[in-house]
Amino acid sequence: MKLVEHFQHGLDAPICLTWELTYACNLSCVHCLSSSGRRDPRELSTAECKAVIDDLQRLQVFYINIGGGEPTIRSDFWEIVEYAVDHQVGVKFSTNGVRITPERARWLAESDYVDVQLSLDGATPEVNDPVRGDGSFDTTMTAMRNLREAGFTGFKISVVMTRHNIGQLDEFKRIADEFDAQLRITRLRPSGRGADTWDELHPLPEQQLELYDWLVAHGEDVLTGDSFFHLNALGSTPLPGLNLCGAGRVVCLIDPIGDVYACPFAIHDEFLAGNVRDEGGFTSVWRESELFNRLREPQTGGACSSCSAFDTCQGGCMAAKFFTGLPLDGPDPECVKGNGQRALELVGAGAPKPTPDKDHSRPGKKKQSGVPVAIGWGPPEPERLPDRACDTSPLAGMPSPKEMR
Amino acid sequence: MSTEAFAPDRPYRLSPSVALRPEPFGALVYDFTTRKLSFLKTRLLVDVVHALEEAPDAHAALRSAEVPDGQHGQYLDALAGLASAGTIEVRGD
Amino acid sequence: MSENHTVTTAEADIEEDLLVEEVSIDGMCGVY
Ligand code: SF4
Ligand code: SF4
């Protein structure tokens, strides 16, 4: 059996666990997946964080991604990192660089099992700062110089691909090479504040092809979190990777207050599996939550199952579908065959779409768009959707009694 | 990483930087040094890897894990792959 | 690095028959 098939049934413990330590952040990026800004007063204490790490050690989760918010502004951040690596839990943490001083860079260069990922969303301040905030480009570059001077090589430079920076791919690669760092590019999802900005930021259809071609040419030297598998339908060369939505099966998120979600891009009650403060801790949530067990059951391809690209595309990203109001078993909103676009037009005409329901944005920096009210959500009404989105049938979109979900 | 070719008549063991995590279908292999992740996709292979520790050579490990005769070639190939990835190493005793 | 499905066993061309598969540690959706 292929590994992916094993993964679909879920593992005894996650292999890609993201832990957001705080919702507090010095920045307020317009696409922040966790709508971060203000600290949540219910944040896990140092002792509770250590108990989570003990649990992860027992589960043999050997490696975690720490993020936020800006995790380094927690006063106990370095203590938590040290505790993790002392307990066989390696750490990669994601930061905007604000606390990577020359001294801290030297400390990092000396510690094994700690990896650093710096976020950069433009290869120039003109492209980066409108997304990440004024001065953020310089902050990140300073952090990178500090790391380089400390002799830390191979740190990650992480870029969220938008329509404004796809043209800078070669430039990003050049920056990474210059710092002896590794470029990591990932897909923008309409999660968190990204729900409000996705329409203006997500790559245009012709840019998807540009991105795909670039990945086919440079795939070996660049990390992607395997997040672009929805582009596989563009060509005959499948992008390297698992081509699988791992949510709740091999992937999960622990948020700052201990809530466990199926995926870092799915912070919404709909994907909330439990809390590490519950009896049995993280282990019970991972193994017993009803949501996770449901995600580990065989999923149907729905409207996508007849698509020739289904094997490698799998209908794309669950979170992207959810936050754009599309049915979870239909095409991705960025379906390269255009089926997502068609489905989106129908959503736009009808049912309300779910809104991220955990906002920690700072007042005044909140929403960019003027429609903050969510009245629950439901899948778009079945009869409004093409019955077989993957086929461009002349009848697609005609009223049909067939249930989509 | 071992540069020596895999030799089924020698004793092997799991490398000290490697940890195995049991999974329903086999095991996850994590190398703390290289940060590489791989999977042993059958429980039988997991048994073989555990058996290496005690066995005088790789052939004996296959026998003690009760690998069916017809599959010895396949399992030796798998061990050769693990040796070249540094997951298992020659036990010098 | 973003390789996976790397063929670790020698000459095994039928994916189903692989006993060992390598996965990129970055190969799943984590933080941005
Ligand atoms: S929901 Fe999307 S982001 Fe989350 S694991 Fe699935 S594909 Fe990745
Ligand atoms: S129709 Fe579905 S499977 Fe086919 S390319 Fe679009 S999202 Fe992927």
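Residues numbered from 1 in each chain as written. Chains lettered and ligands numbered in written order. Predicted model: local features only at pLDDT ≥ 70, side-chain atom pairs only at ≥ 80, totals over all residues. Heavy atoms only, no water.

The name that an unreviewed UniProt entry assigns to chain B is Mycofactocin biosynthesis chaperone MftB, with the source organism given as Prauserella alba.

Operational definition: UniProt positions are given in the numbering used here, feature names are shortened, and annotations may be inferred rather than shown by experiment.
Looking up chain A in an unreviewed UniProt entry gives the name Mycofactocin radical SAM maturase, with the organism given as Prauserella alba. According to the UniProt record, the Cofactor (unreviewed entry) comment for chain A is "[4Fe-4S] cluster".

Thoughts on the overall build of chain B
Selection criterion: In this description a helix means any DSSP run of H or I spanning at least four residues, a strand means any run of E spanning at least two, and both kinds are numbered starting from the N terminus. Only C-alpha atoms enter the radius of gyration; for comparison, a globular chain is expected to reach 2.2 Å times N to the power 0.38, where N is the number of residues. Think of it in three bands: residues with accessible area under 20% of the maximum for their type are buried, residues over 50% are exposed, and the middle band is partly exposed, with areas taken using a 1.4 Å probe on protein chains only. Should any heavy atoms of two residues lie within 4.5 Å, those residues are considered in contact. For the area figures, the Shrake-Rupley method with a 1.4 Å probe applies, and any residue is considered shielded solely by the protein chains shown. Only four residue types enter the tally: Lys and Arg on the positive side, Asp and Glu on the negative side, with His and both chain ends excluded. To locate a charge, take atom NZ for lysine, CZ for arginine, CG for aspartate or CD for glutamate.
Along chain B, the regular secondary structure elements total 3 helices and 5 strands. For 93 residues, the compact-globule estimate of 2.2 N^0.38 gives 12 Å, and the C-alpha radius of gyration of chain B, at 12 Å, lies within 12% of that figure. Seen along its three principal axes, the alpha-carbon backbone of chain B occupies a region of about 35 × 30 × 20 Å. When burial is assessed residue by residue, chain B has 54% of its 93 residues classed as buried. In chain B, of all internal contacts separated by at least 6 residues, the share reaching a separation of at least 24 is 52%. Looking at chain B as shown, the accessible area adds up to about 4,200 Å², and 50% of this sits on carbon and sulfur atoms. Averaged over its 9 positive side-chain charges, chain B has a centre that lies 8 Å from the centre of its 13 negative ones.

Here we look at the site of ligand 1
Our working rule: Throughout this document, a residue counts as near a molecule or strand when at least one of its heavy atoms sits within 4 Å of that molecule or strand. Put plainly, a pocket is an open set of points on a 1 Å grid over the protein atoms alone with protein on both sides within 12 Å along at least five of seven lines, a cavity is a set where a 1.4 Å probe fits but cannot get out, and a lining residue has an atom within 4 Å of a point. Think of it this way: if more than half of a molecule's atoms are within 2 Å of a pocket's grid points, that molecule is in the pocket or cavity. Three classes are used, and their members are as follows: Ala, Val, Leu, Ile, Met, Phe, Trp, Tyr, Cys and Pro are nonpolar, Asp, Glu, Lys and Arg are charged, and the others, Gly among them, are polar.
In the vicinity of ligand 1, the residues found are A:Arg189, A:Phe229, A:Cys245, A:Gly246, A:Ala247, A:Cys263, A:Phe265, A:Cys317, A:Met318, A:Ala319 and C:Cys29. Those residues lying near ligand 1 are distributed over chains A and C. Structurally, ligand 1 is housed in the second largest cavity. Looking at the shell around ligand 1 residue by residue, the classes come out as 9 nonpolar, 1 polar and 1 charged.

So, the confidence of the model for chain B
For residues with low pLDDT, the predicted coordinates do not support detailed interpretation. Residues and elements named next belong to chain B. Definition in use: The pLDDT score gives, residue by residue, the confidence of the prediction method on a 0 to 100 scale.
In this model, chain B carries a mean pLDDT of 94, and residues with pLDDT of at least 70 account for 96%. Highest mean pLDDT in chain B belongs to helix α1 (residues 43–52) (98); lowest belongs to strand β4 (residues 36–40) (95). Scored as a complex, the prediction yields pTM 0.88 and ipTM 0.91.

With respect to the interface of chain C and chain A
You'll often see interface size given as the accessible area lost when the parts meet. To keep it simple, the criterion reads: When two parts are put together, the accessible area they lose, computed with a 1.4 Å probe and summed over both, is reported as buried area. Here a salt bridge means any side-chain nitrogen of Lys or Arg lying within 4 Å of a carboxyl oxygen belonging to Asp or Glu. Here a polar contact is taken to be a pair of N or O atoms separated by no more than 3.5 Å, where protein atoms must pair a possible hydrogen donor with a possible acceptor and residues adjacent in sequence count only if both atoms sit in side chains.
Residue-level contacts link 17 residues of chain C with 38 residues of chain A. Where chain C abuts chain A, roughly 2,500 Å² becomes buried across the two surfaces, and 59% of that area is made up of carbon and sulfur atoms. There are 2 salt bridges connecting chain C and chain A. The closest approach of N and O atoms between C:Asp26 and A:Arg184, which form a salt bridge, is 2.7 Å. Where chain C meets chain A, there are 9 residue pairs in polar contact (both at pLDDT 80 or more).

Side note on the sheet that holds strand β7 (residues 251–254) of chain A
Sheet strands associate in pairs through backbone hydrogen bonding, adopting either a parallel or an antiparallel arrangement. Residues and elements named next belong to chain A. Where we set the bar: One requirement defines pairing of two strands: DSSP has to find at least two bridges between them. Here the axes come from fitting lines to C-alpha atoms, over the contacting stretch only for helices, and the angles between their N-to-C directions go from 0 to 180 degrees.
Spatially, β6-β5-β4-β3-β2-β1-β7-β8-β9 is the arrangement adopted by the 9 strands of the open sheet, whose pairing is mixed. Since the sheet does not close on itself, it has two edges, and those belong to β6 (182–187) and β9 (272–275), each with one partner. Direction aside, the axes of adjacent strands within the sheet are offset by 25° on average. Judged from the 3 bridges that link them, strand β4 (residues 114–119) and strand β5 (residues 156–161) form a sheet pairing that is parallel. Pairing of Leu118 across the sheet is with Ile157, part of β5. Each of β1 (16–20), β2 (63–67) and β7 touches helix α2 (residues 46–58); the most contacted strand, β1, lies at about 175° to it.

Points about the interface of chain C and chain B
Taken together, the contact between chain C and chain B spans 12 residues of the former and 17 residues of the latter. Both faces combined, the contact of chain C with chain B buries some 1,300 Å², and carbon together with sulfur accounts for 63% of it. Together, C:Leu19, C:Val20 and C:Ile25 form the three largest contributors to the area buried by chain C at its contact with chain B, with a combined 44%. The interface formed by chain C and chain B includes 1 salt bridge. Of the charged contacts in the structure, one is a salt bridge between B:Lys41 and C:Glu21, with a shortest N-O distance of 2.5 Å. Remark: the boundary between chain C and chain B carries 5 residue pairs in polar contact (both at pLDDT 80 or more). Here the side of chain C that touches chain B is built from residues that sort into 6 nonpolar, 2 polar and 4 charged.

A few points about the pattern of salt bridges
Applying the stated rule across the entire model yields 22 salt bridges over all chains. B:Arg13 is paired through a salt bridge with B:Glu89; the nearest N and O atoms lie 2.5 Å apart. Here B:Glu89 lies in strand β5 (residues 88–90) and B:Arg13 lies in strand β1 (residues 12–14), a separation of 76 residues in the sequence. Relative accessible area serves as the criterion here: at 30%, B:Arg13 is assigned to the partly exposed category. B:Glu89 gets classed as partly exposed once you look at its relative accessible area, which sits at 23%. Several salt bridges converge on common partners, so that one network encompasses A:Arg39, A:Glu43, A:Arg74 and A:Asp76.

Overview of the side chain of A:His202
Residue and element names in this part refer to chain A. Tracing the chain through its elements places His202 in the loop between α8 (194–201) and α9 (205–218). For His202, a relative accessible area of 12% puts it in the buried group. His202 has contacts with Arg163, Leu188 and Glu334, leaving out every residue within four places of it along the chain.

Concerning α9(A)
Residues and elements named next belong to chain A. This is how it is decided: Expected span of a helix, by definition, is 1.5 Å for each gap between consecutive residues, and there is one gap fewer than residues. This arc corresponds to the set of directions leading from the helix axis out to the C-beta atoms.
Between its terminal C-alpha atoms α9 stretches 20 Å, which fits the 20 Å expected from 14 residues at 1.5 Å a residue. By the burial criterion, the buried members of α9 are Gln207, Gln208, Leu211, Tyr212, Trp214 and Leu215. Angular distribution of buried residues about the axis of α9 spans 165°; they occupy a single face of the element. Away from the buried face of α9 by more than 90 degrees, exposed residues Glu206 and Ala217 are located. Looking at the buried residues of α9, the elements they touch are β5, α7 (169–178) and β6.

Quick look at the layout of surface pockets
All names here are of chain A. Short version of the rule: Grid points are joined across faces, edges and corners, and a volume is the space filled by probe spheres set on the points.
Its volume calculated, the largest pocket comes out at about 840 Å³. Lining the largest pocket are 29 residues; nearest its centre among them are Leu295, Gln299, Thr300, Met318 and Leu328. Mapped by element, the contributors of at least two residues to the lining of the largest pocket are α11 (290–295) and α13 (318–323). Per-class residue counts for the lining of the largest pocket are 12 nonpolar, 9 polar and 8 charged. Put simply, the second largest pocket is a space of about 310 Å³.

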